[in-house]
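Residue-level structural notes
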Amino acid sequence: MATDERLEILRKMHELRFFENECDRLFRQGQVKGPTHLYQGQEAVSVGVCAALRPGDTMTCTYRGHGATLAMGAPLDKTFGEIFGKAGGLCGGKGGSMHLTDAGVGALGSNAIVGAHLPIANGAAFAAMRRGTGAVHACFFGDGSTNIGTFHEALNLASLWKLPVLFICENNLYGEYSPRALTTPIERLADRGISYGMNSLRIDGNEVLTVKEIVEGAAERARSGEGPTLIEAMTYRHQGHSRTDPAPYRPDGELEEWLERDPILLLEGVLESDGVGADDLTRIREEAEKAVADARDTALAWPDPELDERFDHVWAS
Amino acid sequence: MAEVTYKEAVNRALADALAADPDVFVFGEDIGAAGGVFKTTAGLQERFGRDRVLDTPISEQAILGLALGAATQGMRPVAELMFADFAGVAFDQIVNQLAKYRYMSNGQISVPVTIRLAQGIGGGFAAQHSQSVENWFLNVVGLKIVVPATPADAYGLLRAAIADEDPVLFFEHKGLLNDKGQLEDDPQPVEIGRAAVVRQGSDVTIVASQLMRARALEAAERLAAESISVEVIDPVTLVPMDIATIGAGLERTNNLVVVQESSAGGSWGATLIARLIGEYFDSFDSPPLLLAGDETPIPFAHQLEQAWPPSADRIVDAVRGLLGAAAPAAG
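Because the structure is predicted, anything quoted here is derived from the model rather than measured. (Residues numbered from 1 in each chain as written. Chains lettered and ligands numbered in written order. Predicted model: local features only at pLDDT ≥ 70, side-chain atom pairs only at ≥ 80, totals over all residues. Heavy atoms only, no water.)

1. Focus on the overall build of chain A
Operational definition: The numbering of helices and of strands both runs from the N terminus, where a helix is a DSSP run of H or I of at least 4 residues and a strand a run of E of at least 2. Only protein chains enter the accessibility calculation, which uses a 1.4 Å probe; a residue whose area is less than 20% of its type maximum is buried, one above 50% is exposed, and one in between is partly exposed. It only takes one pair of heavy atoms within 4.5 Å for two residues to be counted as in contact. For every accessible area listed, the method is Shrake-Rupley and the probe measures 1.4 Å; residues are considered covered only by the protein chains on display. Only four residue types enter the tally: Lys and Arg on the positive side, Asp and Glu on the negative side; His and the chain ends are excluded. To locate a charge, the coordinates of NZ of Lys, CZ of Arg, CG of Asp or CD of Glu are taken.
Across its full length, chain A holds twelve helices and eight strands. The dimensions of chain A, computed from C-alpha atoms along their principal axes, are 60 × 50 × 40 Å. For chain A, with 317 residues in total, the buried portion stands at 56%. In chain A, 76% of the contacts between residues at least 6 apart in sequence involve partners at least 24 apart. Accessible area of chain A: about 12100 Å², with a carbon and sulfur share of 51%. Between the centroid of the 31 positive side chains of chain A and the centroid of its 47 negative side chains there is a distance of 4 Å.

2. Considering helix H7 (residues 243-253) of chain B
Residues and elements named next belong to chain B. What counts is decided by this rule: Throughout, the arc means the angular range of directions from the helix axis out to the C-beta atoms.
Listed as buried for H7 are Ile 243, Ile 246, Gly 247, Gly 249, Leu 250 and Thr 253. Taken end-on, H7 shows its buried residues confined to a sector of 155 degrees, consistent with a single buried face. Each element contacted by the buried residues of H7 is listed here: strand E10 (204-208), strand E11 (230-234), strand E13 (256-259) and helix H8 (268-279). The positive-phi residue at the C-terminal boundary of H7 is Asn 254, with phi of around 65 degrees.

3. A short note on the state of the cysteines
Residues and elements named next belong to chain A. Heads up, the rule is: By convention in this document, the label disulfide applies to cysteine sulfur atom pairs within 2.5 Å.
The final tally for this structure, using the stated rule, is zero disulfides over all chains. As a non-bridged cysteine, Cys 61 has Cys 50 as the owner of its nearest cysteine sulfur, 8.7 Å distant. Given the relative accessible area of 1%, Cys 61 is considered buried. There is no disulfide at Cys 139, and the cysteine sulfur nearest it, in Cys 61, is 8.8 Å away.

4. Digging into the sheet that holds strand E3 (residues 53-55) of chain B
Residue and element names in this part refer to chain B. Where we set the bar: Strand pairing is assigned whenever DSSP identifies at least 2 bridges connecting the two strands. Lines fitted to C-alpha atoms define the axes, with helix axes restricted to the stretch in contact, and inter-axis angles between N-to-C directions lie between 0 and 180 degrees.
Reading across the sheet, the seven strands line up as E3-E2-E4-E5-E7-E6-E12 and stay open at both edges, with mixed pairing between neighbours. Of all strands in the sheet, those with a lone pairing partner are E3 and strand E12 (237-239), marking the two edges. For this sheet, the mean inter-axis angle between neighbouring strands, taken without regard to orientation, is 20 degrees. Here strand E2 (residues 24-28) pairs with strand E4 (residues 76-81) via five bridges, running parallel. Within E4, the residue paired with Val 24 across the bridge is Arg 76.

5. Quick notes on the interface of chain B and chain A
Convention followed: Here the quantity called buried area is the total loss of accessible area, with a 1.4 Å probe, experienced by two parts when brought into contact, counted for both. Definition used for salt bridges: Asp or Glu carboxyl oxygen within 4 Å of a side-chain nitrogen of Lys or Arg.
Counting residues at the interface gives 45 residues for chain B and 40 residues for chain A. Summed over both sides, the interface between chain B and chain A buries roughly 3500 Å², with carbon and sulfur atoms accounting for 59% of that surface. Together, Tyr 103, Met 104 and Asn 106 of chain B form the three largest contributors to the area buried by chain B at its contact with chain A, with a combined 19%. Summed over the shared surface of chain B and chain A, the result is one salt bridge.

6. Points about the pairing of strand E8 (residues 229-234) of chain A
All names here are of chain A. Just so we agree on the cut-off: Here a crossover is taken to be right-handed if, once the strands point away from the viewer, the path from the first strand over the helix to the second is traced clockwise.
With six of six residues buried, E8 lies mostly within the body of the structure. Where strand E4 (residues 165-171) lies against E8, six bridges are found, and the strand directions are parallel. The residue of E8 that forms the bridge with Cys 169 is Glu 232. Relative to E8, strand E7 (residues 199-204) runs parallel, the two being bridged by six bridges. Counterpart to Asn 199 in the pairing with E8 is Thr 229. Running through helix H9 (residues 208-223), the crossover from E7 to the neighbouring parallel element E8 is right-handed.

7. Some remarks on the sheet that holds strand E1 (residues 58-62) of chain A
Residues and elements named next belong to chain A. The strand order E2-E1-E3-E4-E8-E7 describes an open sheet built from six strands, whose pairing is parallel. Of all the strands in the sheet, just strand E2 (107-111) and E7 have a single pairing partner and so form its edges. When the angles between neighbouring strand axes are averaged without regard to direction, this sheet yields 15 degrees.

8. Considerations on the domain arrangement of chain B
Residues and elements named next belong to chain B. Note the following rule: Each domain's extent was defined by an automatic or database domain assignment. For the purposes of these results, a polar contact is taken to be a pair of N or O atoms within 3.5 Å, where, inside protein, one atom must be able to donate a hydrogen and its partner to accept one; residues adjacent in sequence count only when each atom of the pair is a side-chain atom. Residues are grouped as follows: Ala, Val, Leu, Ile, Met, Phe, Trp, Tyr, Cys and Pro are nonpolar; Asp, Glu, Lys and Arg are charged; every other residue, Gly included, is polar.
Domain assignment breaks chain B into domain 1 (2-183) and domain 2 (196-325). Across the boundary between the two partners, domain 1 contributes 30 residues, which contact 25 residues of domain 2. Between domain 1 and domain 2 lies a buried interface of about 2100 Å² when both sides are counted; carbon and sulfur atoms form 60% of it. The tally of links between domain 1 and domain 2 comes to zero salt bridges. Inspection of the region where domain 1 meets domain 2 yields 13 residue pairs in polar contact (both at pLDDT 80 or more). Elements that contribute at least two residues to the side of domain 1 that touches domain 2 include exactly strand E6 (144-146), helix H5 (151-163) and strand E7 (168-173). For the side of domain 1 that touches domain 2, the residue count by class is 15 nonpolar, eleven polar and four charged.

9. Regarding the packing of aromatic side chains
Residue and element names in this part refer to chain A. Definition in use: Centres within 6.5 Å make a pair out of two Phe, Tyr or Trp rings, where for Trp the six-membered ring is used; the pair is then stacked when the planes are under 30 degrees apart, edge-to-face when over 60, and tilted otherwise.
Taken as a whole and assessed by the stated rule, the structure comprises 17 aromatic pairs over all chains. Measuring from centroid to centroid gives 5.8 Å for Phe 126 and Trp 161, while their planes differ by 45 degrees, and the two rings are tilted. Highlighted residues: Phe 126 in helix H5 (residues 117-131) and Trp 161 in the loop between helix H6 (149-160) and E4, separated in sequence by 35 residues. Across the pair, exposure class does not vary: Phe 126 and Trp 161 are buried alike. An angle of 75 degrees between the planes, with centres 6.4 Å apart, marks the rings of Tyr 174 and Tyr 236 as edge-to-face. Of the two residues, Tyr 174 sits in strand E5 (residues 174-175) while Tyr 236 sits in the loop between E8 and helix H10 (254-260), which places them 62 residues apart along the sequence. Through successive ring pairs, a cluster of aromatic residues spans Tyr 174, Tyr 177, Tyr 236, Tyr 249 and Trp 258.

10. Brief notes about the packing of helix H1 (residues 3-28) of chain A against helix H11 (residues 263-273) of chain A
All names here are of chain A. Our working rule: Working rule for angles: under 35 degrees goes down as roughly parallel, over 145 as roughly antiparallel, 65 to 115 as roughly perpendicular, anything else as oblique. Here a crossing is taken to be left-handed if its near helix is turned anticlockwise relative to the far helix by less than a right angle, and right-handed if that turn runs clockwise.
It is the contact of H1 with H11, at a shortest axis distance of 10 Å, that shows an interaxial angle of 160 degrees. One element, H1, and the other, H11, form an angle in the roughly antiparallel class. The chirality of how H1 crosses H11 is left-handed. Contacts between H1 and H11 involve Arg 6, Leu 7, Ile 9, Leu 10, Met 13, His 14 and Arg 17 from the first element and Pro 263, Ile 264, Leu 267, Glu 268, Val 270 and Leu 271 from the second.

So, in C-alpha cells, the structure goes:
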C-alpha cells in the first residue's frame, strides 16, 4: 500500500477521534442532547473496513455509528449537523446521533435497535447479487448483538444464499454496561459463524492495515459469489456505553492497557518505522483537528429545522 | 371478464407484477416449491425461477429485514408471512424499521415493501393462527394497511401495493380464499385509500371488511325482508381510511354500525367511530355501534370459533335494536 494511502487512513482515524472528542465536549456543555454513544478507540475497525470497500458498496451500523458513517464518507459538517439536530444535518434533524443516514455514500442507516440491521444488510446484499453489480455490504455491530435473534436469522440466511455481506462484529468487550462474560457463555464470538457454515475470522481490530487487508480478501470472496464472512474485530471502547455512563465496572488498569494499543498510535508507529517523518504525522493530525473544528463551527451556525418540517417524509406517496 | 377465486386473483397479481418488473421478487416460507401453505403462490416458481420466487427459512425477522434492505436499493420485494399472527415474531422489523426508515432518513430512502399476511378465522387454527391483526399496526405511522374482500380488490390492491413507494401490509383473509368473483381480462390496480359502497340503503350504514362484509351483506338481505334498508360500505383500506365516503354514507342514513373480526379495544372500528363522532356529530340519530369479536383469544372448537366474531344473526339483531332505539322518522 502506498504511503499516501496510509496517511489518508491516518487522517480519517484522526477525524473520527476528534469528531467524537468534540461530541463529548459539546455534550458536557449541553449543546448535544439525547443519547450519544462514542466510538473513541474503535476507529481502526470502521476506517479499515471502509477503506477496503469500493464505490457502490453499502453499509449499515449501530447507534454507535458516528465513526462508520464518517468512514463511509459522510461529510463532517452534515454529520455534526444531524447530531446537533440542525436543518442542515444528514437527516434534517429527524434522525439524530443514533440514526445517521447518507444514502449518497452508501451509508444506509445506523440503527438503534440492537441487531435489527443485520437482516436489512442481507437485503442490500441480495439486491446487489440479483442485479449482478458486484457490490458488497458491510454490516457493523457489537459483541452484544450476537445474542439477539436477528444475528442468528441473518447469518443463517446469508450463508444459505451466499449473500455478498461482511458481518463485522466489533468486539469491544462490553455489551452496553455488561462485560462479555456476564452475558455470553463463549469467549470467541467468531465461532458462532461456524455453525452457519460461514467463513469466520477473529482479527486484531486495532491494527487498521490488518483490518483493511483481511476485509479486502473477504470482500473479494463475497464479490465472486463465495458468500459472506463473519469478522470478529477485537477492539476497545475508550468511553462508557453512552455519555451518561462513566464505566465504573471496568477493572483497574484495563483502559490503560488498551490506551497503549490505541489504534492511532499503532498506525503512527508503522508509518514511522516506514520512514514517515514526525512532521508529516503532526501535520496530518493538525489538519484533521482543524477540519473537525471547522465542520463543527459550520454546523453549529446552521438554523434549527422549521416546525412544519416534522410532517415531511412520512409518506412517499 | 372471468370468474376467479380470491386465491387465483392473488396469484395472478403476483404473476403479473413479476412479469412487469424485474425488480419484483416474491419470497417467504414454503412459497416456492410447495406453492404456499394456502397455494396462493402455486406455479410461480416454475414460471419465474428460483431467483425471483424464493423459499426462506422459518425466520420472519430475516424475511422482513431482507425485504427492507432490498427495497433500499430500489427493488420491490413481496414478502409473505404465512400466518398474519407471525407478524408478532417480526414486530420490530415492521414497526421500528419499515414504518420509520423513510422518515428517519428524511426521505433519502424509500422502502417499497409489500407484506402479504394471511389472517382470519374459519380454519380451526385456534388462538395463534386465526387472528385479524390489522389493529396491531393502526398506531404505527408509516404503514398502509389494505384488507381486500373480493377477487377484484385482491388483484387490484396487490398490484397497487407492489407499485406503491411506501410499505404496505396486504391482508388476505383465509376464509375468503376460495370465494369467487369477477375479474377483468386486463385488470388494473385499485387505488389504495378508497372505500366502496357495496350495497345501497337508506336506514343504516354498516361498515365491514373481509369476512364481516359478507356477513353484513347477508344481514342486509334479511333485513330488507323486514323493510329495513341497509347500506354496506367496505373500507377496503384501513390506513389511510376513506372517511369521506363513509361519512357520506352516515349522512344519508344517520345510523352507523361497524362490524369487525377483532376485539374492540384499540381497533379500526373504534378509531373510525371516534373520528366520525368528531367530524359528523350532527349526522347521528342513534349511538354508533361497534360489533366486534369477543374479548377472549380465539378458541379452537368449531362451535366456539364460529361464535367468536359477529354473526349475521348478531348484526340483524343489532340493527333492529338500533333502529328501534332511534327516533322514528317523521310521518
